[in-house]
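# Tertiary structure, described
Chain by chain, the residues run as shown.
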Amino acid sequence: MVEKNTIYEIILSTYNQQNEPHAAPMGIILNDKNQIHLNFYEGATSCKNLESTKQGVINFSWDPCLFVDCTFFNDQLASDIFQKAPRINAPFLKPCKGNYWTFIVKEKRIDKTNNKIRFICEIQSEKTIDLSPRVYTRAFSSLLEILIHSTRVIAFLEPNHPQSFQLPELRQLIVHHSSLIKRVTPENSLYRTLLSKTINHLQQIDMGYNYNEVY
Ligand SMILES: Cc1cc2nc3c(=O)[nH]c(=O)nc-3n(C[C@H](O)[C@H](O)[C@H](O)COP(=O)(O)O)c2cc1C
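As a starting point, this report considers the structure included with it. Each chain carries its own residue numbering, running from 1 in the written order of its sequence. Note on the predicted model: pLDDT of at least 70 is required for a residue's local features to be given, and 80 or more for side-chain atom pairs to be given and counted; whole-chain, interface and lining totals, by contrast, use all residues. Note: side-chain values were computed over all heavy atoms of the structure, leaving out hydrogens and water.

### Some words on a positive patch on the surface
A contiguous patch of positive charge on the surface is contributed by R87, K94, K97 and K127. A run of DSSP states H or I qualifies as a helix once it reaches four residues; a run of E qualifies as a strand once it reaches two. Both are numbered from the N-terminal end. Mapped onto the elements, K127 comes out in the loop between β8 (116-125) and α3 (138-156). Patches here are clusters of residues that have more than 30% relative accessible area and form no salt bridge, with a 9 Å joining cutoff for like charges and a 5 Å cutoff for nonpolar side chains (Val, Leu, Ile, Met, Phe, Trp, Tyr). Computed with the Shrake-Rupley method and a 1.4 Å probe, the accessible areas treat only the protein chains shown as cover for residues. Salt bridge, as used here, is a side-chain nitrogen of Lys or Arg placed within 4 Å of a carboxyl oxygen of Asp or Glu. Two residue types count as positive, namely Lys and Arg, and two as negative, namely Asp and Glu; His and chain ends fall outside the count. Where a charge sits is defined by one atom per residue type, namely NZ (Lys), CZ (Arg), CG (Asp) or CD (Glu).

Written out as structure tokens, the structure is:
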């Protein structure tokens, strides 16, 4: 069940003008009018794609690999992982078949104070979400926190970024969640592999901080 006015983390899939598919994790909120709100930082590929096609797919998933690859490694996604969704110019992720909503953009608002772009969207096909039973591990939520904070670190590293003052706190949060994953999973497990993959990627970009020393 998707409750109103709560932020859920999903994977948004879109086409660009050349009909090339793209996927990225995003937060969504369902408002009281049953519309979806998506908030983007300027420059996001998904944002540009929605500006041009005005259509997209919300994929519901618990797959940590999909979240990692859609955040930083779109180029490593299997070429046939996308399929055009029915009656809409946007792709869905095949592993999320039966667990996605299609939508059409109705309105775009610019939030100048927070440097964000908001799309208000109408759900076109709302199917019942039927995710298979999930055994909860704290590693999943910590991995998602690391991914979210890493994308912020990368964005805030831009020269003169107004939120660069948040970098020390974000790096600490990444370290905190990395330790948590290490506490609840054994070496060589899936979550440890995804953690190293993510931290190694981040380290190559955020060279001003040594994640490997703490990791
Ligand atoms: C769980 C999760 C939620 C995210 N939510 C948002 C969001 O609501 N808005 C946003 O602009 N980026 C969000 N991000 C970051 C984008 O997925 C990431 O920066 C992405 O690479 C940029 O989007 P793009 O690939 O469309 O350029 C989120 C990342 C994760 C891992």
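### Here's the deal with the site of the ligand
Close contacts around the ligand come from 16 residues, with H22, P25, N39, T45 and S46 the closest. One of the backbone nitrogen or oxygen atoms of G27 is found 3.0 Å away from an oxygen atom of the ligand. Within 3.5 Å is the distance limit for a polar contact, defined as a pair of N or O atoms, with the added protein rule that one can donate a hydrogen and the other accept it, and that residues adjacent in sequence qualify only through two side-chain atoms. In this structure, an oxygen atom belonging to the ligand sits 3.0 Å away from a main-chain N or O atom of Y41. Notes on the ligand: free accessible area 630 Å², of which the protein chains cover 85%. Among the secondary structure elements, those contributing two or more residues to the shell around the ligand are β2 (21-30), β3 (35-41), α1 (45-53) and α3. Ranked by the residues each element gives to the shell around the ligand, the list is headed by β2, at 5 residues. Residue composition of the shell around the ligand, by class: 8 nonpolar, 7 polar and 1 charged. We call a residue near a molecule or strand whenever a single non-hydrogen atom of that residue lies within 4 Å of it. Polarity classes work like this: nonpolar for Ala, Val, Leu, Ile, Met, Phe, Trp, Tyr, Cys and Pro, charged for Asp, Glu, Lys and Arg, and polar for all others, with Gly in that last group.

### Quick look at the nonpolar core
Residues enter a nonpolar core if they are buried and are Ala, Val, Leu, Ile, Met, Phe, Trp, Tyr or Cys, with the set joined through side-chain atoms within 4.5 Å. Relative accessibility thresholds used throughout: buried, under 20% of the residue-type maximum; exposed, over 50%; partly exposed, between the two (1.4 Å probe, protein chains only). The biggest cluster of nonpolar side chains holds 31 residues, and the ones touching the most others in it are I11, L66, C70, L93, V153, I174 and I181. Elements supplying a minimum of two residues to this core: α2 (64-72), α3, α4 (167-184) and α5 (190-205). With 8 residues, the top contributor of residues to this core is α3. Domain segmentation is taken from an automatic or database assignment of domains. Shared between two domains, this core takes at least three residues from each, and those domains are domain 1 (7-125) and domain 2 (138-214).

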